[in-house]
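Spelled out from the first residue to the last, the chains are:
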Amino acid sequence: MNVTMEQPIGARLVTSDDRERAIPATLRYTAADPLAVHIGFPAHVTLDGEEVTWTFARALLEEGLGAPAGIGSVHIWPCGPRRTFVEFHAPQGVALIWFDTLLLRRFLRRSYTVVEPGTETVDPVLDQGLTSLFGAN
């Protein structure tokens with residue numbers, strides 16, 4: 001069964017002048033893409049006026065809740081017991097957003113009820129492609 005869960009979450013965008021702006025976001029997890037989490041932002045808070053969804057590893061979110069994590073376009077780190085920062089890197093620039101750590105943990109725990117960590121499977125076609133890409137037998 002393809003189960004999808006969504007959780008609206010408030011976030012705070014840290015601006016270039018170190019001010020904060022409240023922005024809405026939606027966390028999403030789906031059994032069809034069990035290794036990933038998605039954070040969506042509505043059009044009215046993006047630079048180009050279109051909805052934006054960032055997708056990254058569920059394991060990255062879990063790791064970033066406890067210690068700085070991430071290479072590439074998404075970095076996550078805790079800032080005290082109540083805040084978790086997520087930094088998104090795009091060609092247009094960098095966005096620094098913080099979320100309530102408790103709400104991120106709650107979302108992560110709920111995702112484990114959809115697909116338990118360690119039991120994730122990927123589409124056979126994707127698995128075959130990754131196998132051929134990395135030369136595994």
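Residues numbered from 1 in each chain as written. Predicted model: local features only at pLDDT ≥ 70, side-chain atom pairs only at ≥ 80, totals over all residues. Heavy atoms only, no water.

(A) Fine view of the sheet that holds strand β7 (residues 93–100). One open sheet accounts for seven strands, arranged β4-β3-β2-β1-β7-β6-β5; its pairing is antiparallel. Taken across any chain shown, the strands that pair with only one partner, and hence form the sheet edges, are β4 (52–57) and β5 (74–79). Each strand of the sheet is rotated relative to its neighbour by a mean of 30°, with strand direction disregarded. Both strand β2 (residues 20–30) and strand β3 (residues 36–41) contribute to a ladder of three bridges, which runs antiparallel. Paired with Arg-28 across the strands is His-38, a residue of β3. (Pairing = 2+ DSSP bridges. Helix = DSSP H or I, 4+ residues; strand = E, 2+ residues; numbered from the N terminus. Axes fitted to C-alpha atoms, helices over the stretch in contact; angles between N-to-C directions.)

(B) Highlighting the packing of aromatic side chains. Inspection of the entire model under this criterion finds three aromatic pairs. Ring centres of Trp-54 and Phe-88 lie 4.8 Å apart, and the angle between their planes is 40°; on these two criteria the pair is classed as tilted. Within this pair, whereas Trp-54 is found in strand β4, its partner Phe-88 is found in strand β6 (residues 83–90), the two being separated by 34 residues in sequence. The buried category is assigned to Phe-88, whose relative accessible area is 2%. These aromatic residues form a ring-pair network of at least three members: Phe-41, Trp-54 and Phe-88. In this structure, Arg-83 is placed above the aromatic ring of Trp-98, and the distance from its NZ or CZ to the ring centre is 4.0 Å. (Phe/Tyr/Trp six-rings, centres within 6.5 Å; stacked < 30°, edge-to-face > 60°. Buried < 20%, exposed > 50% of the residue type's maximum accessible area, 1.4 Å probe, protein only. Lys NZ or Arg CZ within 6 Å of the ring centre and 35° of its normal.)

(C) Just the nonpolar core, in detail. Counting 28 residues, the largest nonpolar core has Phe-41, Phe-56, Leu-61, Phe-88 and Phe-99 as the members making the most contacts within it. Leave out the neighbours within four places in its chain, and Phe-99 touches Ile-9, Gly-10, Ala-11, Ala-25, Ile-39, Phe-41, Arg-82, Arg-83, Thr-84, Val-86 and Leu-104. (Core = buried A, V, L, I, M, F, W, Y, C linked by side-chain atoms within 4.5 Å. Contact = heavy atoms within 4.5 Å.)

(D) How the structure looks around the pairing of β6. Here β5 runs beside β6; their pairing, made up of six bridges, is antiparallel. Residue Cys-79 lies in a different strand from β6, and its bridge partner there is Arg-83. Remark: three residues form the turn of the hairpin made by β5 and β6, two consecutive strands paired antiparallel; Gly-80 in that turn has positive phi of roughly 75°. One ladder, built from eight bridges, connects β6 with β7; its direction is antiparallel. Pairing of Ala-90 across the sheet is with Gly-93, part of β7. Adjacent in sequence and paired antiparallel, β6 and β7 are bridged by two residues.

(E) A look at the pattern of salt bridges. Counting across every chain of the model gives four salt bridges. The residue Arg-12 makes a salt bridge to Glu-20 at a minimum N-O spacing of 3.5 Å. You can call Arg-12 partly exposed: its relative accessible area is 29%. Ionic pairing is found between Asp-17 and Arg-19, a salt bridge with its closest N-O pair at 3.9 Å. On the accessibility criterion, Asp-17 (46% relative accessible area) is partly exposed. (Salt bridge = Lys/Arg side-chain N within 4 Å of Asp/Glu carboxyl O.)

(F) Region of interest: the environment of Gly-118. Among the secondary structure elements, Gly-118 is positioned in the loop between α2 (101–114) and α3 (124–134). On the basis of relative accessible area, Gly-118 is assigned to the exposed category, the value being 70%. Separated by 83 residues in sequence, Gly-118 and Leu-35 place their C-alpha atoms 9.6 Å apart.

Purely geometric numbers; function is a separate question.
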